[in-house]
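Below, each chain spelled out in residue letters.
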Amino acid sequence: TPIQNVVNPAHAYNTAFANCTRDTVIIQNPECVWVQDIGAFVSAYLNANDYFVFACLNGSKEDSERFGPDTDLSLVMPTDTRLPWYQHSSYRKRGYHFCSAIPRIALNTDLRGGFDERFNGGYGYDDNEFFLRVSHHLNVTHIDRPYVIHQYHDRFWESDISGDKA
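Residues numbered from 1 in each chain as written. Predicted model: local features only at pLDDT ≥ 70, side-chain atom pairs only at ≥ 80, totals over all residues. Heavy atoms only, no water.

1. Overview of the nonpolar core
Nonpolar side chains in soluble globular proteins tend to be buried together. To be explicit about the condition: Residues belong to a common nonpolar core when they are buried Ala, Val, Leu, Ile, Met, Phe, Trp, Tyr or Cys residues joined through side-chain atoms within 4.5 Å. Only protein chains enter the area calculation, which uses a 1.4 Å probe; residues under 20% of their type maximum are buried, those over 50% are exposed, and those in between are partly exposed. Helix and strand definitions follow DSSP, with helices as H or I runs of at least four residues and strands as E runs of at least two, each counted in order from the N terminus. The criterion used for residue contact is that any of the two residues' heavy atoms lie within 4.5 Å.
Counting residues in each nonpolar core, the largest one holds 15 residues, and the members touching the most others are Ile27, Tyr51, Ile102 and Phe130. Of all the elements in the fold, those that place two or more residues in this core are helix H1 (10-19), strand S1 (24-28), strand S3 (50-58), helix H4 (104-108) and helix H5 (126-137). A total of three residues in this core trace back to one element, the largest contributor, which is H1. Those residues within four positions of Ile27 in sequence are excluded, and the remaining contacts are Tyr13, Phe17, Tyr51, His97, Phe98, Cys99, Ser100, Ile102, Phe115 and Phe130. Within the second largest apolar cluster, 14 residues are counted, among which are Val42, Phe52, Tyr86 and Cys99.

As structure tokens, this is what we get:
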């Protein structure tokens, strides 16, 4: 059931968790695209006490124009440390859920069903609270390859209410 006037995805994630039938869950921001097969990586390496946090590159406007539906993203590996990583094990080690993987059983036991829905009314912080609980119960591993690229879009705080650049 959709919740009106909610900007935070906590409820949507928790609904998906409650209906999941697989042993592993990949939590992913819908604005992220995989570079290489994260599903195969998770199937091969995620164990019952693990939580994987995948690196996330902040895609630029130029990246969005350069990467099309036929681009083999598995060949794209940024090596420039100045690139804008939202998270990376060496340059910006965070636990945000741009893309992460968790055993389903952990969601139903230690993590009480997933995200704290008291964050529904705001932007962010659900990442921090969720990751804090995860890090107390699971072995967190930051994975740099495969990784995801967050698709470019103008930031809401960079525009005025009309949608024009401020």
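What follows picks up the thread again.
2. Details of the pattern of salt bridges
Note the following rule: For salt bridges, the criterion is a side-chain nitrogen of Lys or Arg within 4 Å of an Asp or Glu carboxyl oxygen.
Counting across every chain of the model gives three salt bridges. In this structure, Arg118 engages Asp116 in a salt bridge whose closest nitrogen and oxygen atoms are separated by 2.5 Å.

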